[in-house]
Amino acid sequence: MNWISNYVRPRINSLFSRREVPENLWIKCPECGQMLFHRELEQNLHVCTACDHHMAITPRDRFQALFDGGIFVEVEVPTPVTDPLHFKDQKRYPDRLKAAQKSTGEKEAMLVAEGEIGRTPIVAAAQDFSFMGGSMGMYVGNAIIAAAERAVALRRPFVLFSAAGGARMQEGILSLMQMPRTTVAVDMVKEAGLPYIVVLTHPTTGGVTASYAMLGDVQIAEPNALICFAGPRVIEQTIREKLPEGFQRAEYLLDHGMLDRVSHRKDLKDELVTILRMLLKQSPAVRGDLPAPETTLPAPAKEPSTKEAKKE
Amino acid sequence: MTNYLEFEKPLAEIEGKAEELRAMARANEEMDIEKEAAALDRKAETMLQDLYRDLTPWRKCQVARHPDRPHCRDYIEALFNEYTPLAGDRNFADDHAVMGGLARLGDMPVMVIGHEKGHDTKSRIERNFGMARPEGYRKAIRLMDMADRFGLPVISLVDTPGAYPGKGAEERGQSEAIARSTEKCLSLRVPLVSVIIGEGGSGGAVAFATGNTVMMLEHSIYSVISPEGCASILWKDAEKMREAAEALRLTAQDLKALGVIDRIISEPIGGAQRGREDTIRAVGKALEVELKALSEKKPDALRKDRRRKYLDMGSKGLAA
């Protein structure tokens, strides 16, 4: 390590952003091995066109596909104290954060937005597994509280897409305290008589599963998503036996009564609209790809991120 | 027989020598060793004080897990009258890792719940080392619900390495049970006072410890993950648990500074395992004081304040 590798190389790399020169024009499906053209994969919501394997999708891509006309407004999340414990393992926590921000182009592991789906106004939050494993720290807690408060203020349902390895160890006990914090937040929504729907995506584990991700009025999961409290490896080490095929996968949980539905990503939007409109006693939804609402939303508060702009 | 911890080895040697001398003197009446033995005693006592004056976080973990520390059952037996255990989750089983039932603290009827680790091999297995399954959390939810209906304060005694990572526990909804138990803690309109008496292991502890007042014994720990687990993930080496224990800020003192807990209950010199009765008495006193303070609050305020406390938690970090 010297100043060239530390300083010059990162600067040079940043001249070519990820989106301009995709590292891989072809992406290999980790499940069936099929080579998929990146644009086609994006259009198919990051689901393998050959075997239907659901790959990770960023919150921004998900929201673009979810909201009518791809239009949503980000809900601002209060920034917490950075590195409250002065945590250092092999790296300093602030350095890990910066690295994650650089590689994802996002501020933190959760994005909150408001907009309409099938002309049904909602508040949505999505966890970003590519940002430090989607881990839940103060920011994610703040994001869920902000989303819940916004949902209550606007009297809208709250839809949450979970994806996380669990609590963020680098925030120690404060990450653990996000379990009660987020529980208070989602209960505010429920007590206001508004639906709280959780869509569990691969993977949702640990303290995230053991708090807000399991408290939805309706629990939907994407196919084959790993959903658990303790991960399979920990369990195998504890009980010293092989676990059954499909253990802790979405379909297994459905069989064991832990979920309402397992739904393909392309069907999710319609299902959410259908369920929400019934819970809210609204008329059946207008189907199909709707353009962005004309009057209800102001122009996005923030410049659309560079990512979205470049996509066009 | 005292169970010495690894860092207490020098102490074990001195105490052993004093014991040996006294044994020799008993065998041979002409020997006068009392002076020497007393000197060793004094040396041992000073050493004990030195060892415990400034325990490192990893040493605190060891003390918190000490097998001779008073456990949930000991507190219930010593502090409460008319303890009447109530069993089962009404769905699947009774989880022996969780004790719970009606009891009187002084004259006051309360609901007490807690993790019990067991005190010998047989009871440890029966109690599953204090690692609850979903049924344990669901039993607790049921008991908290009952307390809420009848206006009884809830006391929770937390001492668990964590929720049990087993196949059946996962199949029966370990995460959902923990989430609901935390949610129940937050919804109560009666006082909920929690004491972390040993290990506060992650979500399995939060499920009981989301209280109006959360207290910790001086050498107990409360953490998002065990230092060993954290070390193996972040350091890729489980042997780095000392570093991990340091970084995680899992001591009562750090947690108080972070505003996560409200009160620290002192332990006798040498830890709760060397002064079991004193420790239990101190916990009893603290419970009475805190319950009395909360008894003046109205039901809705108890619930609202508890929720506010958790929403606001973590707004400040540790001072630099």
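Residues numbered from 1 in each chain as written. Chains lettered and ligands numbered in written order. Predicted model: local features only at pLDDT ≥ 70, side-chain atom pairs only at ≥ 80, totals over all residues. Heavy atoms only, no water.

The name given to chain B in an unreviewed UniProt entry is Acetyl-coenzyme A carboxylase carboxyl transferase subunit alpha, with Sinisalibacter lacisalsi as the source organism. Comment text from UniProt for chain B, heading Sequence similarities (unreviewed entry), reads "Belongs to the AccA family." (UniProt positions renumbered as here; feature names shortened; annotations may be inferred.)

With an unreviewed UniProt entry as reference, chain A is termed Acetyl-coenzyme A carboxylase carboxyl transferase subunit beta, source organism Sinisalibacter lacisalsi. Its UniProt record, at the heading Subunit (unreviewed entry), says of chain A: "Acetyl-CoA carboxylase is a heterohexamer composed of biotin carboxyl carrier protein (AccB), biotin carboxylase (AccC) and two subunits each of ACCase subunit alpha (AccA) and ACCase subunit beta (AccD)." The annotation that UniProt attaches to chain A under Pathway (unreviewed entry) is "Lipid metabolism; malonyl-CoA biosynthesis; malonyl-CoA from acetyl-CoA: step 1/1."

A.B. asks: Give me the lowdown on the packing of aromatic side chains, citing residues and values where you can.
C.D. replies: All names here are of chain A. One pass over the full model with this rule turns up eight aromatic pairs over all chains. For the ring pair Trp-26 and Phe-37, a centre distance of 5.2 Å and an interplane angle of 55° mean the geometry is tilted. With a gap of 11 residues between them, Trp-26 in strand 1 (residues 26-28) and Phe-37 in strand 2 (residues 35-37) connect regions that are remote in the sequence. A relative accessible area of 49% places Trp-26 in the partly exposed class. Judged by centre distance (5.5 Å) and plane angle (75°), the rings of Phe-63 and Phe-67 are edge-to-face. (Phe/Tyr/Trp six-rings, centres within 6.5 Å; stacked < 30°, edge-to-face > 60°. Helix = DSSP H or I, 4+ residues; strand = E, 2+ residues; numbered from the N terminus. Buried < 20%, exposed > 50% of the residue type's maximum accessible area, 1.4 Å probe, protein only.)

A.B. asks: Tell me about the nonpolar core, and please be specific about residues and values.
C.D. replies: Membership of the largest hydrophobic core comes to 115 residues, with the highest contact counts inside it found for Phe-158 and Tyr-212 of chain A together with Tyr-222 of chain B. Looking at which element gives the most residues to this core, the answer is helix 5 (residues 138-154) of chain A, with nine residues. Among the nonpolar cores identified, the runner-up in size contains 25 residues, and Val-193, Val-283, Leu-291 and Leu-302 of chain B belong to it. (Core = buried A, V, L, I, M, F, W, Y, C linked by side-chain atoms within 4.5 Å.)

A.B. asks: Help me get a handle on the side chain of Glu-106 of chain A, residues and values and all.
C.D. replies: Residue and element names in this part refer to chain A. Note that Glu-106 resides in the loop between helix 4 (93-104) and strand 4 (110-117). Of the residues examined, Glu-106 reaches a relative accessible area of 11% and is grouped as buried. Within the structure, Glu-106 has its side chain in polar contact with the side chain of Arg-60 (distance 2.6 Å). Residues contacting Glu-106, with those up to four places away along its chain left out, are Arg-60, Gln-101, Leu-111, Asp-128 and Phe-131. (Polar contact = N/O pair within 3.5 Å; in protein donor to acceptor, adjacent residues only side chain to side chain. Contact = heavy atoms within 4.5 Å.)

A.B. asks: Let's hear about the interface of chain A and chain B: which residues, and what values?
C.D. replies: Contacts between the two partners involve 48 residues from chain A and, on the opposite side, 48 residues from chain B. Seen at the junction of chain A and chain B, the total is three salt bridges. The interface formed by chain A and chain B includes 11 residue pairs in polar contact (both at pLDDT 80 or more). Of the residues forming the side of chain A that touches chain B, the biggest block, nine residues, is contributed by helix 7 (residues 178-191) of chain A. (Salt bridge = Lys/Arg side-chain N within 4 Å of Asp/Glu carboxyl O.)

A.B. asks: Outline the side chain of Lys-309 of chain B, listing residues and values.
C.D. replies: Residue and element names in this part refer to chain B. Inspection of the secondary structure assignment puts Lys-309 in helix 14 (residues 299-312). Within the local environment of Lys-309, its side chain forms a polar contact with the backbone oxygen of Gly-211, the two atoms lying 3.0 Å apart. When neighbours within four sequence positions are excluded, Lys-309 is seen to be in contact with Gly-211, Asn-212, Thr-213, Val-214 and Asp-262.

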